[in-house]
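# Observations on the three-dimensional arrangement
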Amino acid sequence: MSTFSSLSRRLRLARAADEFALTTVLLFLAVTVVRWLRDPDSALYLGDLYAALAVIGGFSGAILTGLILSPPGRRSGGHLNPAVTVSLWLMGVFPGRSVVPYVLAQLAGSAAGTGLGRLVWGPAVALPSVDHAAIVPAPTWQPTSVFVAEAGSMTLIIVAVGFTMAHARYARLVPYVIGLSVALVIATLGPRSGGSINPARQFGPAALAGQGTDLWIYLVAPVLGAVLGAWLHHLLSRRRPLTHKVRVPASKQSPPEGNAAADVSRRSSIRTPAPTGSPLLSDGPGPPSSRGITTTERGRTPA
């Protein structure tokens, strides 16, 4: 038992290390693209904020999808966002014991990626127009509006992700749904609320830029939106069939006489493991035997 616990602990730490590396890359690339598009001395400078954020949104969405589909992303689940980690835990597809290690790794990766960007690109990262890629809302937007926009956007994304994961034929599209959603949020809300929807996206840049104003909104609002999204996911799931029907060959439909368990199985719906096409369905931090999501592995008795 102690050997099993030790293996499980090592796997959790290894997957958290993957999240640290992935978030470091994500923030380094975020700082890089903002540096090249918003530095007036850059050959790629875009003076129009709306155009710049549209490009940044498309780039960020593509990079995020690529990181989720990368080998480390497939191992860890490719969360790269504390709000996503919390929502997947609340949906019952991620172990609660790994939430804190993941969140700490993501926040540390945020700071490391931003620091790496400053180290590579030098003083240009500290220019007011770049400011370590820290996110700021429009002057006309009040904190309440920013909070609602950040939380509401995250809620909609989690509902979309939950719907996609719940259908086997769509499960492989989850990384693309996330990437597209992030791109749209940045392009549309970037000039207004800032379009962060990820505490790790703002934590490192704000810390290095010394920008504490409204930081709590960008840390709390996405998580609250994730909680609401997970709640809506469960609410909508109750309105849908909870099982996947599986056709059983005729030769296997009649279990031996006297087999009570088989008789119960024959009368009830047959549950299948959740689709594993999406890395976000991976139970990465657990031992190999816990990969995939089934009702029995979650401690629930099939209906």
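Notes on the structure in this doc start here.

If you tally the helices and strands in the chain, you get 10 helices and zero strands. Helices and strands in the chain line up, N terminus first, as α-α-α-α-α-α-α-α-α-α. Buried residues in the chain amount to 47% of all 303 residues. When contacts within the chain are restricted to residue pairs at least 6 apart in sequence, long-range pairs at least 24 apart make up 75% of them. Carbon and sulfur atoms make up 66% of the accessible area of the chain, which amounts to about 14700 Å² in all.

Ranked by internal contacts, the top residues of the largest apolar core, which has 43 residues, are I56, L80, L88, M91, M154 and I178. The element that contributes the greatest number of residues to this core is helix α1 (residues 2–38), accounting for eight residues. Leaving out residues up to four positions away in the same chain, M154 has contacts with N81, A83, V84, I197, P222, G225 and A226. I135, V146, F147 and I217 belong to the second largest nonpolar core, which has seven residues in total.

This part covers the pattern of salt bridges. Across all of its chains, the model carries three salt bridges by this definition. Note that D18 is salt-bridged to R15, the shortest N-O span being 3.6 Å. Of this pair, D18 and R15 both sit in helix α1, three residues apart, which is roughly one turn of that helix. An identical accessibility class is assigned to D18 and R15; each is buried. Taking the shortest distance from any N to any O, the salt bridge between R75 and D18 comes out at 3.1 Å. Highlighted residues: R75 in helix α3 (residues 71–76) and D18 in helix α1, separated in sequence by 57 residues. Overall, R75 belongs to the partly exposed group, its relative accessible area being 34%.

Calculation rules
Residues numbered from 1 in each chain as written. Predicted model: local features only at pLDDT ≥ 70, side-chain atom pairs only at ≥ 80, totals over all residues. Heavy atoms only, no water. Helix = DSSP H or I, 4+ residues; strand = E, 2+ residues; numbered from the N terminus. Buried < 20%, exposed > 50% of the residue type's maximum accessible area, 1.4 Å probe, protein only. Contact = heavy atoms within 4.5 Å. Areas by Shrake-Rupley, 256 points an atom, 1.4 Å probe, with all protein chains shown as cover. Core = buried A, V, L, I, M, F, W, Y, C linked by side-chain atoms within 4.5 Å. Salt bridge = Lys/Arg side-chain N within 4 Å of Asp/Glu carboxyl O.

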